[in-house]
Each structure stands twice: as C-alpha cells, then as structure tokens.
Amino acid sequence: MSDWRLPWSAACMCGRVTIRITAAPVMAMACHCRGCQKLTSGPYSLSLMLPASGFEVLEGETELGGLHREQSPHHFCTQCKNWLYTTNIGGGEFVNFRATMLDDASWVSPFIESNVAEKLPGVVSGASRSFEGFPSPDQYGPLMAAYAEEGARPR
Ligand SMILES: [Zn+2]
Ligand SMILES: [Zn+2]
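Report follows, based on the coordinates. This is a predicted model, so every value here is computed, not measured.

**Structural notes on the coordination of the zinc ion (ligand 2)**
Coordination of the zinc ion (ligand 2) by the protein is provided by Cys12 (SG), Cys14 (SG), Cys77 (SG) and Cys80 (SG), with metal-donor distances spanning 2.3 to 2.4 Å. For the zinc ion (ligand 2), the four donor atoms are set out with angles of 105 to 116° between them, so the coordination reads as tetrahedral. Each donor residue of the zinc ion (ligand 2) lies on the same chain, and together they follow the pattern C-x1-C-x62-C-x2-C. A residue pair is termed long-range when its members are at least 10 positions apart, and cysteine 12 in the loop between β1 (8-11) and β2 (18-21) and cysteine 80 in the loop between β7 (74-77) and β8 (83-89) qualify at 68 residues. Since its relative accessible area comes to 6%, cysteine 12 is described here as buried.

See below:
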C-alpha cells in the first residue's frame, strides 16, 4: 500500500506559516522525553520524519526556539510560537515535522514511541513498537521498512 495522497498542506495555529509536503514520511513517532514534554507543553511530541527534499515552507517566517541548539534546530512560528519542525535530522537528509500542524491530521498515528522510560503515567500513544530510549542505529532500517508497509495512511 503506497497511497499517501500527497501533496499535504499544513499551517501553524495563526496561519502565517504554511507548509507543503510532497514526499511520503519514512517514520511516524511519538517521543515521551522530558525535552519533548516541555517543547510541546504536552505529554509527548508527535512527529513525521520527512525527506527534506519533499518539505517546503511556502509562506511566513520561522525562528529558532527551544534550546536554540545549532544541531537539529527547532523552528517556531514568529507570531503564534508553535513548534513546527526540526531540521538537520540524519545529517540534513530529513526534517522532523510536527504532525499536528497538518490541515488534516486525523489519520496520523505513531508507529514507534521513544523514551517511554520518561512517559507520564496514563499516557497511551497508540504506537505498536516501544523503546525505553531511542531505537539503536541498526534498528532504524528495519523499522522504516516496516513503516513503509504498515504505517497509517491518510484516509
Ligand atoms: Zn523527545
Ligand atoms: Zn503562527
């Protein structure tokens, strides 16, 4: 099954930043780490890992936020301050996009969840594969292959 119904459009809460996605994600993940809890002001982050070549900001300005780190920086809307995406993932090959910004996020379901050691009690992400920390580097290939086959698609 490969029908991702691309392209997808997305926007921040105030609508100033609009995004176009033209490539299928390689992973959908929930991260329960303390950093994601703080960045989202919620129990976990929900991300789609996208090929950078299929990710484009069409309108609006973003600024760096969070810890303002140089490696894999966090991009926010300058107006509504939504956390929108993280660049320079996998040496620049991927962007981690916050899936809840999609115009239609109703289908998004995490395939893996990371840092469950820090998960808040009672939180259930729905991911079928759970990791105490992050998956080890040698696990990503098989996980991506399984996601390409079984990952949730837009309806
Ligand atoms: Zn995290
Ligand atoms: Zn905004």
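**What to know about the sheet that holds strand β6 (residues 62-64)**
Backbone hydrogen bonds hold the strands of a sheet together, and the pairing may be parallel or antiparallel. The eight strands lie next to each other as β6-β7-β8-β9-β4-β3-β10-β11, forming an open sheet whose pairing is mixed. The open sheet has two edge strands, β6 and β11 (129-130), and neither has a second partner. With three bridges connecting them, β8 and strand β9 (residues 94-98) associate as antiparallel partners. Pairing of threonine 86 across the sheet is with asparagine 96, part of β9. Across the sheet, helix α2 (residues 137-150) lies against β3 (27-31), β4 (45-51), β10 (112-114) and β11, angled at about 110° from β3, the strand it touches most.

Rules used throughout
Residue indices begin from 1 for each chain and proceed along its sequence in written order. Each chain gets a letter, beginning with A, and each ligand a number, beginning with 1, in the order they are written. Where local features are concerned, this predicted model is filtered to residues with pLDDT of at least 70; where side-chain atom pairs are given and counted, the filter is 80 or more; whole-chain, interface and lining totals use all residues. With hydrogens and water stripped out, all remaining heavy atoms of the structure feed into the side-chain values. Sites may look incomplete because water is not among the atoms; the donors themselves are N, O and S atoms within 2.8 Å of the metal, or within 3.2 Å for Na, K and Ca. Sites are called tetrahedral only when four donors show all angles between 85 and 135 degrees, square planar or octahedral only when four or six donors show opposite pairs over 155 degrees and all other angles between 65 and 115, and irregular in any remaining case. Counting from the N terminus, the helices are DSSP H or I runs at least four residues long and the strands are E runs at least two residues long. Think of it in three bands: with a 1.4 Å probe and only protein chains considered, a residue is buried below 20% of the maximum accessible area for its type, exposed above 50%, and partly exposed in between. Any two strands with at least two DSSP-identified bridges between them are counted as paired. Working rule for contacts: check all heavy atoms of both residues, and any pair within 4.5 Å makes them a contact. Simply put, an axis is a line fit to the C-alpha atoms, just over the touching stretch for a helix, and the angle between two N-to-C directions goes from 0 to 180 degrees.

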